[in-house]
Number of protein chains: 2
Amino acid sequence: MSAPRVRIVSTGSEILQGLYPDTNAQGLSRRLFDAGFRVVGHAAAPDDAKLIRSAVEAAALNADLVVMTGGLGPTEDDVNRDVIAALYGCGLRFDEEADRLMRVRFAARGIPMPERNRVQAMIPEPAVTLQNLWGTAPGFVLPKTGRLAALCALPGPPNEWRPMFEAALAPDAPVDGLFPQRPKLEVHTIHVALTPESTLNEVLSDLFAPVDGIDVTILASRGVIRLRIIGQDNPDGVRARRDEVLRRIGPEIVFGEGPADLSPAQALLDLFRERGLTLATAESCTGGWVAKSITDLPGSSAMLHAGWVTYANEAKIRDLRVPAELIAAHGAVSEPVARAMAEGARTVAGTNYAVAVTGIAGPDGGTAEKPVGTVWFACAGPEGTSTLCRLFRGDRDSIRQWATNQAIELTRRAVLGIPQTQYLGGANPRFLGA
Amino acid sequence: MSAPRVRIVSTGSEILQGLYPDTNAQGLSRRLFDAGFRVVGHAAAPDDAKLIRSAVEAAALNADLVVMTGGLGPTEDDVNRDVIAALYGCGLRFDEEADRLMRVRFAARGIPMPERNRVQAMIPEPAVTLQNLWGTAPGFVLPKTGRLAALCALPGPPNEWRPMFEAALAPDAPVDGLFPQRPKLEVHTIHVALTPESTLNEVLSDLFAPVDGIDVTILASRGVIRLRIIGQDNPDGVRARRDEVLRRIGPEIVFGEGPADLSPAQALLDLFRERGLTLATAESCTGGWVAKSITDLPGSSAMLHAGWVTYANEAKIRDLRVPAELIAAHGAVSEPVARAMAEGARTVAGTNYAVAVTGIAGPDGGTAEKPVGTVWFACAGPEGTSTLCRLFRGDRDSIRQWATNQAIELTRRAVLGIPQTQYLGGANPRFLGA
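Quantities reported herein were computed from a predicted structural model and do not represent experimental measurements. All residue numbers here refer to positions counted from 1 along the written sequence of the relevant chain. Whichever chain is written first becomes A and whichever ligand is written first becomes 1, with later ones labelled in order. Owing to the predicted nature of the model, reporting of local features is limited to residues with pLDDT of at least 70; listing and counting of side-chain atom pairs is limited to 80 or more, with chain, interface and lining totals taken over all residues. Excluded from the side-chain calculation are hydrogens and water; included are all heavy atoms of the structure.

1. Section: the overall build of chain A
As a reminder, the rule being used: In this text, helices come from DSSP runs of H or I with a minimum length of four residues, and strands from runs of E with a minimum of two, each type numbered from the N-terminal end. Burial here depends on accessible area, computed with a 1.4 Å probe over protein chains only, as a share of the maximum for the residue type. Under 20% is buried, over 50% is exposed, and the range in between is partly exposed. The contact criterion used throughout is that any non-hydrogen atoms of two residues lie within 4.5 Å. Only the protein chains shown count as cover for residues, and the accessible areas themselves come from Shrake-Rupley with a 1.4 Å probe. For the charge count, each Lys or Arg is scored as positive and each Asp or Glu as negative, with His and the chain ends excluded. To locate a charge, take atom NZ for lysine, CZ for arginine, CG for aspartate or CD for glutamate.
Within chain A, the regular secondary structure consists of 14 helices and 18 strands. Viewed in the frame of its principal axes, chain A has a C-alpha envelope of about 80 × 55 × 40 Å. When each of the 434 residues of chain A is scored for burial, the buried share is 58%. A separation threshold of at least 6 residues defines the contact pool for chain A, and within that pool the share at least 24 residues apart is 68%. Taken as a whole, chain A presents about 16,800 Å² of accessible surface, with 52% of it coming from carbon and sulfur. In chain A, 44 positive and 49 negative side-chain charges are present, and the distance between their average locations comes to 2 Å.

2. Quick notes on the interface of chain A and chain B
The test is simple: Two parts placed together each lose some accessible area under a 1.4 Å probe, and the buried area is that loss summed for both. The term salt bridge refers to a pairing of a side-chain nitrogen on Lys or Arg with a carboxyl oxygen on Asp or Glu at a separation within 4 Å. N or O atoms within 3.5 Å of each other form a polar contact, as long as, within protein, one can give a hydrogen and the other can take it, and as long as residues adjacent in sequence are counted only when both atoms are side-chain atoms. Only Asp, Glu, Lys and Arg are considered charged, only Ala, Val, Leu, Ile, Met, Phe, Trp, Tyr, Cys and Pro nonpolar, and every remaining residue, Gly among them, polar. Two strands pair under a simple rule: DSSP has to find at least two bridges between them.
Listed per partner, the contact involves 56 residues of chain A and 56 residues of chain B. Of the roughly 4,600 Å² buried where chain A meets chain B, counting both sides, 57% is carbon and sulfur surface. Among the residues of chain A in contact with chain B, A:Gln17, A:Leu19 and A:Tyr311 are the three that bury the most area, contributing 12% of the side total. In this structure, A:Asp296 engages B:Arg400 in a salt bridge whose closest nitrogen and oxygen atoms are separated by 2.5 Å. If you look at where chain A meets chain B, you find 26 residue pairs in polar contact (both at pLDDT 80 or more). Per-element tally for the side of chain A that touches chain B: the top contributor is strand 2 (residues 38-45) of chain A, with 7 residues. For the side of chain A that touches chain B, the residue count by class is 28 nonpolar, 16 polar and 12 charged. Pairing of strand 14 (residues 304-309) of chain A with strand 14 (residues 304-309) of chain B involves 3 bridges; the strand directions are antiparallel. Counted as the bridge partner of A:Trp308 is B:Trp308 from strand 14 of chain B.

3. A word on the packing of aromatic side chains
Each pair of aromatic rings is reported with the distance of its centres and the angle of its planes. As a reminder of what qualifies: Any two rings among Phe, Tyr and Trp, with Trp reduced to its six-membered ring, count as a pair given centres within 6.5 Å; such a pair is stacked if its planes are under 30 degrees apart, edge-to-face if over 60, and tilted if neither. Sitting over a ring, as applied to charges here, requires NZ of Lys or CZ of Arg to be within 6 Å of the ring centre and within 35 degrees of the ring normal.
Applying the stated criterion across every chain yields a total of 6 aromatic pairs over all chains. Between B:Phe392 and B:Trp402 the ring centres are 5.8 Å apart and the planes differ by 35 degrees, which places this aromatic pair in the tilted class. Of this pair, B:Phe392 sits in strand 17 (residues 384-393) while B:Trp402 sits in helix 14 (residues 396-416), placing them 10 residues apart in sequence. There is no split in this pair, since B:Phe392 and B:Trp402 are both buried. Among the aromatic residues, those joined into a ring-pair cluster are A:Phe377, A:Phe392 and A:Trp402. Directly above the ring of A:Tyr423 sits A:Arg390, whose terminal nitrogen or CZ lies 4.5 Å from the centroid. Lying across the ring of A:Trp289, B:Lys292 places its NZ or CZ 4.0 Å from the centre.

4. A short note on the sheet that holds strand 1 (residues 5-11) of chain B
Rule in force here: Axis definition: a line fitted to C-alpha atoms, over the contacting stretch in the case of helices. Angles run 0 to 180 degrees between N-to-C directions.
Strand order in the open sheet made by the 12 strands is 6(A)-7(A)-8(A)-3(A)-1(A)-2(A)-2(B)-1(B)-3(B)-8(B)-7(B)-6(B), with mixed pairing throughout. Pairing within the sheet leaves two strands with one partner each, and these edge strands are strand 6 (128-130) of chain A together with strand 6 (128-130) of chain B. Taken pair by pair, the neighbouring strands of this sheet meet at an average axis angle of 15 degrees, ignoring direction. Direction of pairing for strand 7 (residues 139-142) of chain A relative to strand 8 (residues 150-154) of chain A: antiparallel, over a ladder of 3 bridges. What sits directly across from A:Val141, in strand 8 of chain A, is A:Cys152. The sheet strands contacting helix 2 (residues 23-34) of chain B are strand 1, strand 2 (38-45), strand 3 (65-69) and strand 8 (150-154) of chain B, and the helix crosses strand 1 of chain B at an angle near 160 degrees.

5. A few points about the side chain of B:Ser10
As for its placement among the helices and strands, B:Ser10 is situated in strand 1. Excluding residues within four positions of it along the chain, B:Ser10 makes contact with B:Ile15, B:Asp22, B:Ala25, B:Ala43, B:Ala44, B:Ala45 and B:Thr69.

6. Some details on the domain arrangement of chain A
All names here are of chain A. Counted only if it meets this: In this entry, domain limits derive from an automatic or database-based domain assignment.
Entries for chain A in the domain assignment read domain 1 (5-178), domain 2 (185-258) and domain 3 (264-433). Computed over C-alpha atoms only, the centres of domain 1 and domain 2 are separated by 34 Å. If you look at the interface, domain 1 gives 4 residues, while domain 2 gives 4 residues. Summing both partners gives a buried area of about 400 Å² for domain 1 against domain 2, and 54% of it is carried by carbon and sulfur. Area buried by domain 1 at its contact with domain 2 is led by Arg30, Phe33 and Asp34, which between them contribute 88% of it. The tally of links between domain 1 and domain 2 comes to 1 salt bridge. For aspartate 34, the salt bridge goes to arginine 228, with nearest N and O atoms at 3.2 Å. The interface formed by domain 1 and domain 2 includes 1 residue pair in polar contact (both at pLDDT 80 or more). The residue makeup of the side of domain 1 that touches domain 2, split by class, is 1 nonpolar, 1 polar and 2 charged.

7. Regarding the pairing of strand 15 (residues 353-359) of chain B
All names here are of chain B. Of all 7 residues in strand 15, 7 are buried, a share of seventy percent or more. Alternating residues of strand 15 divide into Tyr353, Val355, Val357 and Gly359 and Ala354, Ala356 and Thr358, and every residue in both groups is buried. As paired strands, strand 13 (residues 279-283) and strand 15 are joined by 5 bridges and run parallel to one another. The partner of glutamate 283 across the bridge, within strand 15, is valine 357. Bridge count between strand 15 and strand 16 (residues 374-381): 6 bridges; the pairing is antiparallel. Opposite valine 357, over in strand 16, you have phenylalanine 377 as the bridge partner.

8. Quick word on the relation of the copies chain A and chain B
The test is simple: C-alpha atoms of residues with pLDDT of at least 70 in both copies form the basis for the least-squares superposition of the copies.
Expressed as a screw transformation, the operator carrying chain A onto chain B has a rotation angle of 180 degrees and an axial translation of 0.4 Å, and the superposed copies differ by an RMSD of 0.5 Å. What the rotation and shift describe, once combined, is the action of a two-fold rotation axis. When the interface residues of chain A are mapped onto chain B, 95% of them again fall at the interface, so both copies present the same face.

9. Quick notes on the pattern of salt bridges
All names here are of chain A. All chains considered together, the criterion is met by 46 salt bridges over all chains. Of the charged contacts in the structure, one is a salt bridge between glutamate 57 and arginine 53, with a shortest N-O distance of 3.9 Å. Remark: arginine 53 and glutamate 57 occur in helix 3 (residues 49-60); sequence separation between them is 4 residues, near one turn of the helix. On the basis of relative accessible area, arginine 53 is assigned to the partly exposed category, the value being 32%. Two residues, arginine 413 and glutamate 409, come together in a salt bridge whose shortest N-O distance is 2.7 Å.

10. Considerations on the nonpolar core
Across soluble globular proteins, nonpolar side chains have a tendency to be buried as a group. All names here are of chain A. This is how it is decided: Note on terminology: a nonpolar core comprises buried Ala, Val, Leu, Ile, Met, Phe, Trp, Tyr and Cys residues joined through side-chain atoms within 4.5 Å.
Residues Ile190, Val192, Leu227, Ile249 and Leu279 are the most contacted members of the largest nonpolar core, which totals 58 residues. Per element, the largest residue contribution to this core is 8 residues, and it comes from helix 14 (residues 396-416). With sequence-adjacent residues up to four places away left out, leucine 279 is seen in contact with Leu268, Phe272, Ile294, Met303, Leu304, His305, Ala306, Thr351, Tyr353, Ala354, Val355 and Thr411.

11. Regarding helix 3 of chain A
This is how it is decided: Take the residue count of a helix, subtract one, and multiply by 1.5 Å to get its expected span.
Between its first and last C-alpha, helix 3 of chain A extends 16 Å over 12 residues, near the 16 Å set by a 1.5 Å rise per residue. Its side-chain oxygen placed 3.0 Å from the backbone nitrogen of A:Lys50, A:Asp48 serves as the N-cap of helix 3 of chain A.

12. Looking at the environment of A:Thr136
Residues and elements named next belong to chain A. Tracing the backbone shows threonine 136 in the loop between strand 6 and strand 7. Considering only alpha carbons, one finds threonine 136 and glutamate 202, 66 residues apart in sequence, at a separation of 50 Å. Polar contacts involving the side chain of threonine 136 include one to the side chain of glutamine 120, which spans 3.2 Å.

13. What to know about the side chain of A:Asp22
Locating A:Asp22 in the fold gives a position in the loop between helix 1 (13-16) and helix 2 (23-34). Among buried charged residues, A:Asp22 stands out as having no salt bridge; its nearest opposite-charge side chain is A:Arg162, 11 Å away. At 2.7 Å, the side chain of A:Asp22 and the side chain of A:Ser10 are in polar contact. Here the side chain of A:Asp22 touches A:Ala25 through a polar contact of 3.1 Å, landing on its backbone nitrogen. In this structure, A:Asp22 is in contact with A:Ser10, A:Ile15, A:Ala44 and B:Pro21, ignoring residues within four places of it in sequence.

14. Focus: the packing of helix 2 of chain A against helix 6 (residues 158-169) of chain A
Residue and element names in this part refer to chain A. Heads up, the rule is: Here is the rule for angles: anything less than 35 degrees is roughly parallel, anything more than 145 is roughly antiparallel, 65 through 115 is roughly perpendicular, and the remaining ranges are oblique. Whether a crossing is left-handed or right-handed is set by the direction in which the near helix is turned from the far one by less than a right angle, anticlockwise for left-handed and clockwise for right-handed.
Following both chains from N to C, one finds helix 2 and helix 6 inclined at 20 degrees, their axes separated by 11 Å at the closest point. Judged by the angle between their axes, helix 2 and helix 6 are roughly parallel. Judged by the sense of rotation from one axis to the other, the crossing of helix 2 with helix 6 is right-handed. Along the contact surface, helix 2 presents Asn24, Gly27, Leu28, Arg31 and Leu32, while helix 6 presents Pro158, Trp161, Phe165, Glu166 and Leu169. By residue class, the composition of the contact of helix 2 with helix 6 is 6 nonpolar, 2 polar and 2 charged.

Here it is as structure tokens:
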């Protein structure tokens, strides 16, 4: 079975003005891809009935399914309901349940529902409603009509459309019969840390050509690489391909497998939680990014006890007990200072582990000996302290992101006893980035 | 003169698979908007000649200018050159200068240019080349041809297309005559901190309707609101509208004016630099985000001397000298503890100012008295310590982002002597967020 073709239409003038990127199209594409659809086009249109209509019509004539977000609110800008009904040649009906849910929502906030919100309960006649338990605007799914594809309309806010779309995609959903039939995909993700994409490309190149309908794709982003193995009704083939990939790249660089969006910080939190361990952070050039990445995650307070941003040398000396002589002798960006920062943080915080980062993020501060992008890392733990030096390419933001991911990887390896220099290709790849 | 209509076409299978959001379309839209164009549609197509052709054709038949990114590389996936030449009915010519620049580039890296890169110097016959000094693939601009709009093709990487497009938009650029004529816009941005969008909407509602061709638009994002005033050949009108907006909202909540992308952290860094001041941060629920926001910026090391992430109470007591009794009596999320954190951080770090954040980011940890989203702030400085409590709505990420922006705004006000409770609407708006 081949994958049904989907087109996504996002609406909202702010997208066309470039006020933010169209993350709805991205999130929907990812979800649709995993669900066995093939997204063949994105389109975005401003809040203008004529422009929206032409975008939806073009999409609906050239796909098996159209998914739209936005334009279902209560204001005059929100024209999607009317545009869709006109295009599909149907009227609108009043959905009692949608109206009831909105009133419950307003009542919970202690305010009566404004009269104008009532229009949000209007749904195209032949559509099945997707009730919204996370906001006011319900969505809906229209069946294929003549030459026009099936259409799924969702509200704009991601915290609303995500669970609604998830429910709509469930095999037993009332709208399931309206969606085009699709193959069942198995997707297995291998998460790789701190490896140059070009090295992975060389090692895996012959696996990137689809065999037995199994695809391997690679996505690299500043120190984190996702290898996705995608099969169709062939779980054994996916497993075999996964084993082959792992055999070639080795287990050391893999920080996780399974869920598509696992972050290095989440993998580390899971590991620390499982073992009941605690961490302290001592950051210079990453300036709090390591601590932020960890505290982004619910439940991180059990793991991260303390963090220091020791930008100034005095702070390294005062707060982390780094000997002033060390800094004078080796400079703040050096192995001895990274080591002293990590060991000092561990002693002061009394945690099982402490990780330290000190480097030159740029754009200024580089020298011939220590160019911009030079970063020293150390992780102190019960078994001792391991250190590593890296030279990252790229701009300040890129160097800091790579360094943050390296600090987390260094800590993971310290806990698991994986050698700090064992990266793909054997040697320690000093030069990464951009 | 009305704004010429532009359609943006992004190409790349990874966009359609949802691997990342289409930030090229966003960046181009913003730049085009400021340059007097009106972007009426975005489209994205995978690396498939047929799908790209139909997307470009539809765009070129319904706009005055098409801007494309991606698909100009040396591999077989890179079909844009050929697709565009076929659609516009022209051949390709070899651009000697583009070839020379590529060879120089490879030579600088000490490697000969691979033969396959030569194809990147092929340009549609009637097009003017946009040379690429930041990567290999040149871009080009094709004049309007029959019913097909003028077309500007750019490479995918932002660090390449940005300066190339900037050069192409310059009034004296060789391609200027190929672009549609456009009105000259004045854009003035007012940056507002920690104000509910709904309050601004009420206060400014009658200004949102365009008068004398002057538009006022509002974009809110987690504690930061951008008010953009856009006029056409009418700088006096823009200035008058700007004065009227400021008169209504008051100067207190404005953290900056002018550049479109000014961040609260950048405005604070500018202020501290101008006055030669130093800062320390003491963060609990924001977990390093305040320090990260500041250290994101080049030159921040002169301002931010030290930061603490004191997630555990012991860290607050040990590192920031918060009396244990205070935490026992009032809880870690309280005015006295926020105050003690800020004053302790200032004393220990010896900085001019110190800002502290302690709150409940959720999803767990809330109580009836202190629900999730409750955050106490304090800023200690030479004039004393100011404090503020907020209740933010939303998820963990949203609460932490709002809190980060509030901490920065608290610090700005402490330095400038602006009352900490003077927000739009008079009273202290406790309930913000989402």
